[in-house]
Protein chains: 2
Amino acid sequence: MLDERKLDVLRAIVEDYVATHEPVGSKTLVDRHNLGVSPATVRNDMAALEEEGYITQPHTSAGRIPTDAGYRLFVDKLSTVKTLSAAEKKAISSFLVGAVDLDDVVRRTVRLLAQITRQVAIVQYPTLSRSSVRHIEVVTMTPRRLLLVLITSTGRVEQRIVETHEDVDEQLIADLRSRLNTALTGQRLTDAATSLASVTETFAPADRSLVAAVVTSLLEAFTVEGEQRIAVGGAANLTRYGDDFERNVKPVLEALEEHVILLKLLGEATNPQTLTVRIGHENPYEGLATTSVVATGYGSKSEALATLGIVGPTHMDYPSTMGAVRAVARYVSQILADS
Amino acid sequence: MLDERKLDVLRAIVEDYVATHEPVGSKTLVDRHNLGVSPATVRNDMAALEEEGYITQPHTSAGRIPTDAGYRLFVDKLSTVKTLSAAEKKAISSFLVGAVDLDDVVRRTVRLLAQITRQVAIVQYPTLSRSSVRHIEVVTMTPRRLLLVLITSTGRVEQRIVETHEDVDEQLIADLRSRLNTALTGQRLTDAATSLASVTETFAPADRSLVAAVVTSLLEAFTVEGEQRIAVGGAANLTRYGDDFERNVKPVLEALEEHVILLKLLGEATNPQTLTVRIGHENPYEGLATTSVVATGYGSKSEALATLGIVGPTHMDYPSTMGAVRAVARYVSQILADS
DNA sequence: ACTGGCACTCGAAACTTGTGAGTGCCAAGC
DNA sequence: GCTTGGCACTCACAAGTTTCGAGTGCCAGT
């Protein structure tokens, strides 16, 4: 059905449209890419491609633009992920060197990704679920307010405030702190939840109400569902969408504020070798019909800790973007892994 | 020069323009507000106001729109800050109740502020400089990687990663941890810096290199200049700027990513009673010529910990916006203060 | 199977025209 | 001496018209 040349034509259309953002016609196409055939032939091929649903006409007597299906085919079969130039690779590593903590790594990564892809970048903080408890700190802020700090093996720090009904006893706090650490340090967060219950029981009934409050709060911190953190950057690149602000840009801006939606967009974490690309309507959010997402996991070669990616118009330069996302994910994984 | 009625006319022009976003002419003005005079009279007043630089014409034979100076006069002399309705007040308090930690308070505040003002909200995290050390935690992540966690009296948690050249000795770490806490807990961050030096001296020379690395990192964490954190929200409200995306919205989006610029925009923290309003060109950033900033401090009645505010088009509804910003600042201060 | 030719389509840009909100100014009126 | 009605003038905007050309589909010829 689709012979080699038709695919060449589709590839040419996608590349041209991505470069110009204007519908591309048969003549222009033959001029720009040396396809070795006449416009008339290309027209026939185009008719076939349109028949199959890979391209479409915005209106009669205009050129063709790729459909979501067209981009899909292009990404899957007609393009190869572009590797970065040496200069770009150098820029990446120098950008990430010197981060002072996990937050800083994430912030720098977002900035970097936005900068080199010229798109909106999204980076998920390493998930808690796969990490383990490194240390738990309990600090009294005011006589009736405690601050819990949970430090995980991935270097992530979670805090919780606990309000109490009566003034707290410093001795009890110290006791609680040491018992919590003894019981939980080294445990995976998922397992730590169960261990928490037994800790409560070792306390005198009189102290149980305080302990229970702390435990509840810690449990909350352990069960991360719905509270996964995300960093976003490069929103100014949304200008690249062209006009029709209201229809294209606004929903994206709205989505960027809804971290729940972003998490869905990023999808399941994959390892840094595998790139997930969602094109237009493939996205699980209707506002992003003219938007594509390129995402991948990061953390370590074998097991992904979290996901990062970019959001951009469907008419983006997929090979370059995919290359950049993959490269950044690899570098970040490396930074997080080695010490 | 400017009698009572001329000021009334200016007020009417500002209110009308803010409501419609269209140049307002003499006839419309008389129709909508009952000024009790004829359009011709209003025209004369308008000519005077234009002479003084408070209003201007986009082109001949169009209505007038306020200039930055016009808005300035309006804000300073012609309007009163609008107090919120009971329902709005209730919404504010219910929105902020249940925050689990300082980060959460800030995040919720940004969201809330963006929602009720329908503008872009900016909230600065409570500054470190005025707070004191509550606790310092040193945790080994890997044999050669330490995580420092600094907890301040304001509930802010700072983290730093320290890489060492040789494997660390757990005993030494425990020792360091306790000495640091003994020496520094309760001290203001500004004073703590000096105390740090003396702590180093109490260690055996062999351990000094490790201790020095930790101390350096802590010092960094203490001196916050240039690393003040900021949260931004409600970027989708930028749609409200009308068209001319490229000229109005893009620079704002860019500014929102540059936290250094935002800090300048927010300016010095004032107490929650005083509202800072910067209109158009008054802003210390050229990209925001069509933008106004409404900001105020928050933290406690007497002393402001940090600043929060909104960024929006110069043609915003100042009375309502100012009322909302002030109200939110007060509520947040309250949340942070009482326990 | 490809190509050149040809009639046709139709959006975009350039130009034209009409309309009306708005202005400035002036002379008359309270 | 303000205020006002009247009047001629301006000019952006919208609607209508024309032109232009890139692009198309189809068909007959190689």
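Below you will find a few notes about this structure. (Residues numbered from 1 in each chain as written. Chains lettered and ligands numbered in written order. Predicted model: local features only at pLDDT ≥ 70, side-chain atom pairs only at ≥ 80, totals over all residues.)

## A short note on the interface of chain A and chain B
For step 1, the next point in the chain: Counting from both sides, the interface comprises 33 residues of chain A and, opposite them, 34 residues of chain B.
For step 2, the next point in the chain: Looking at which element gives the most residues to the side of chain A that touches chain B, the answer is helix α10 (residues 245-257) of chain A, with seven residues.
For step 3, the next point in the chain: The residue makeup of the side of chain A that touches chain B, split by class, is 14 nonpolar, seven polar and 12 charged. (Contact = placed C-beta atoms within 7 Å. Helix = DSSP H or I, 4+ residues; strand = E, 2+ residues; numbered from the N terminus. Nonpolar A, V, L, I, M, F, W, Y, C, P; charged D, E, K, R; others polar.)

## Some remarks on the sheet that holds strand β6 (residues 157-163) of chain A
Residue and element names in this part refer to chain A.
For step 1, the next point in the chain: Pairing within the open sheet is antiparallel, and its three strands lie in the order β4-β5-β6. A strand with exactly one partner marks an edge of an open sheet, and here the two such strands are β4 (133-142) and β6. Along the sheet, successive strands turn relative to each other by an average axial angle of 20°, direction set aside.
For step 2, the next point in the chain: Where β4 lies against strand β5 (residues 145-152), eight bridges are found, and the strand directions are antiparallel. Counterpart to threonine 140 in the pairing with β5 is leucine 146.
For step 3, the next point in the chain: This element, helix α9 (residues 208-222), spans β4, β5 and β6 of the sheet and lies at about 150° to β6. (Pairing = 2+ DSSP bridges. Axes fitted to C-alpha atoms, helices over the stretch in contact; angles between N-to-C directions.)

## Thoughts on the relation of the copies chain A and chain B
One copy of the chain maps onto the second through a rotation about an axis and a displacement along it.
For step 1, the next point in the chain: At an RMSD of 0.2 Å, chain A and chain B line up after a rotation of 180° and a shift of 0.1 Å along the axis. Between the two chains, the operation in question is that of a two-fold axis.
For step 2, the next point in the chain: The residues that chain A uses at the interface reappear at the interface of chain B in 100% of cases, marking a shared surface. (Least-squares fit on C-alpha atoms with pLDDT ≥ 70 in both.)

## Observations concerning the nonpolar core
For step 1, the next point in the chain: In terms of nonpolar packing, the biggest core is built from 142 residues, with Ile122 of chain A together with Ile122 of chain B touching the most fellow members.
For step 2, the next point in the chain: Residue contacts for isoleucine 122 of chain A: discarding those within four places in its chain leaves Ile230, Val232, Leu262, Leu266, Leu308, Gly309, Ile310 and Val311 of chain A.
For step 3, the next point in the chain: By size, the runner-up hydrophobic cluster in this structure holds 51 residues, among which are Ile151 and Leu184 of chain A together with Val139 and Leu147 of chain B. (Core = buried A, V, L, I, M, F, W, Y, C linked by C-beta atoms within 7 Å. Buried ≥ 20, exposed ≤ 12 C-beta atoms within 10 Å, placed from the backbone.)

## Let's talk about helix α3 (residues 39-52) of chain B
Residue and element names in this part refer to chain B.
For step 1, the next point in the chain: With 14 residues, α3 extends 20 Å from end C-alpha to end C-alpha; this agrees with the ideal 20 Å at 1.5 Å per step.
For step 2, the next point in the chain: By the burial criterion, the buried members of α3 are Val42, Asp45, Met46 and Leu49. For α3, the arc enclosing every buried residue in end-on projection is 105°, short of the 170-degree limit, so these residues lie on one face. Turned more than 90 degrees away from the buried face of α3 sit Ala40, Ala47 and Glu51, all of them exposed.
For step 3, the next point in the chain: Those residues of α3 that are buried are in contact with α1 (4-20), α2 (26-32) and β1 (55-56).
For step 4, the next point in the chain: Of the residues flanking the end of α3, it is glycine 53, one or two places downstream, whose phi is positive at about 90°. (Expected span 1.5 Å × (residues − 1). Arc of directions from axis to C-beta.)

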